[in-house]
Amino acid sequence: SLAHIEDAAIAARNIVRRDEPALSRDRRFLSIAYVNSKTLEGHRTVWSIEDQRRILDVAVDPFDPASVQSFGLDGELLAVAPGGKPRLWSLLDGSSRPVYVAGEATISTFDRSGDLMAFGLRSGEVELHSRKLGGRWLRLRGLSRPVTLMVFDDGSERLLAASEDGSVRAWTLPRGDLAFASGH
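Residues numbered from 1 in each chain as written. Predicted model: local features only at pLDDT ≥ 70, side-chain atom pairs only at ≥ 80, totals over all residues. Heavy atoms only, no water.

### Regarding the sheet that holds strand β11 (residues 126–130)
The four strands lie next to each other as β9-β10-β11-β12, forming an open sheet whose pairing is antiparallel. One side of each edge strand has no neighbouring strand; the edge strands of this open sheet are β9 (105–110) and β12 (135–140). Strand after strand, the sheet turns through a mean of 25° between neighbouring axes, direction not considered. Pairing analysis gives five bridges linking strand β10 (residues 116–121) to β11, with the strands arranged antiparallel. (Pairing = 2+ DSSP bridges. Helix = DSSP H or I, 4+ residues; strand = E, 2+ residues; numbered from the N terminus. Axes fitted to C-alpha atoms, helices over the stretch in contact; angles between N-to-C directions.)

Written as structure tokens, this is what we have:
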């Protein structure tokens, strides 16, 4: 509902970065970003909670907001965008593949089904990709500063995005019509 979007918009203005560490939705994996104090190299490490083993260690810049991860619904995919270049990592075998976006990604998120992936860009645009459709599906415009927060509603019928200047936009899906605008 529109009231839900307005509440989320107010909350989005107060969020700059996701909290660390992160737990997958299925609660099987824990992700932690850290910096080696001697080498100043950043890493994102994912641990299996069940068998208490490290299953993934990816070099990232944890001070770069684009290095913040998003777990897929099944807990088997992790999206990380070090240097603004998104990659999908399999938590089953550690393999990865690039996700091509038209610009520099600042944040990524999955919808509840795990099919849709949204990539916020430094330009203020949002790219939606569908795993079922095999790639880029929709480009959303309306923000003029880098995207810092994105969230799908429960039914994946709307996507809310906020930029670093506090502006908020919500679009209806699947068409991408602007449903709500607040700020610049």
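### What about the packing of aromatic side chains?
Per the stated rule, a full pass over the model turns up zero aromatic pairs. The lysine or arginine in question, Arg87, covers the ring of Trp89, its NZ or CZ lying 6.0 Å from the ring centre. (Phe/Tyr/Trp six-rings, centres within 6.5 Å; stacked < 30°, edge-to-face > 60°. Lys NZ or Arg CZ within 6 Å of the ring centre and 35° of its normal.)

### Let's talk about the side chain of His129
Residue position: His129 is located in strand β11. By relative accessible area, His129 is classed as buried at 4%. Here Arg136 takes part through its backbone nitrogen, which lies 3.5 Å from a polar atom of the side chain of His129. The residues contacting His129, other than those within four sequence positions of it, are Val99, Tyr100, Val101, Asp115, Leu116, Met117, Phe119, Gly135, Arg136 and Trp137. (Buried < 20%, exposed > 50% of the residue type's maximum accessible area, 1.4 Å probe, protein only. Polar contact = N/O pair within 3.5 Å; in protein donor to acceptor, adjacent residues only side chain to side chain. Contact = heavy atoms within 4.5 Å.)

### Quick word on unusual backbone geometry
Leaving glycine aside, a negative phi is the common case for residues, and trans is the common case for peptide bonds. Of note, the amide linkage connecting Leu173 to Pro174 takes the cis form, showing an omega dihedral of 20°. Turning to its location among the elements, Pro174 is positioned in the loop between β15 (168–172) and β16 (178–182). A positive phi angle is found at Gln52, which is not glycine, with a value near 50°. If you check the backbone angles, Ser156 has positive phi at about 55° while not being a glycine. Here Ser156 shows up in the loop between β13 (147–152) and β14 (158–163).

### Thoughts on the nonpolar core
Generally speaking, nonpolar side chains in soluble globular proteins are found buried as a group. Residues Val126, Leu128, Met150 and Leu159 are the most contacted members of the largest nonpolar core, which totals 15 residues. Secondary-structure elements contributing two or more residues to this core are β10, β11, β12, β13 and β14. The leading source of residues in this core is β13, at three residues. Beyond its immediate chain neighbours, meaning those up to four positions away, Leu159 contacts Ala118, Val126, Leu128, Leu140, Met150, Val151, Phe152, Arg169, Ala170, Trp171 and Leu173. Within the second largest apolar cluster, 10 residues are counted, among which are Val46, Leu56, Val58 and Val60. (Core = buried A, V, L, I, M, F, W, Y, C linked by side-chain atoms within 4.5 Å.)

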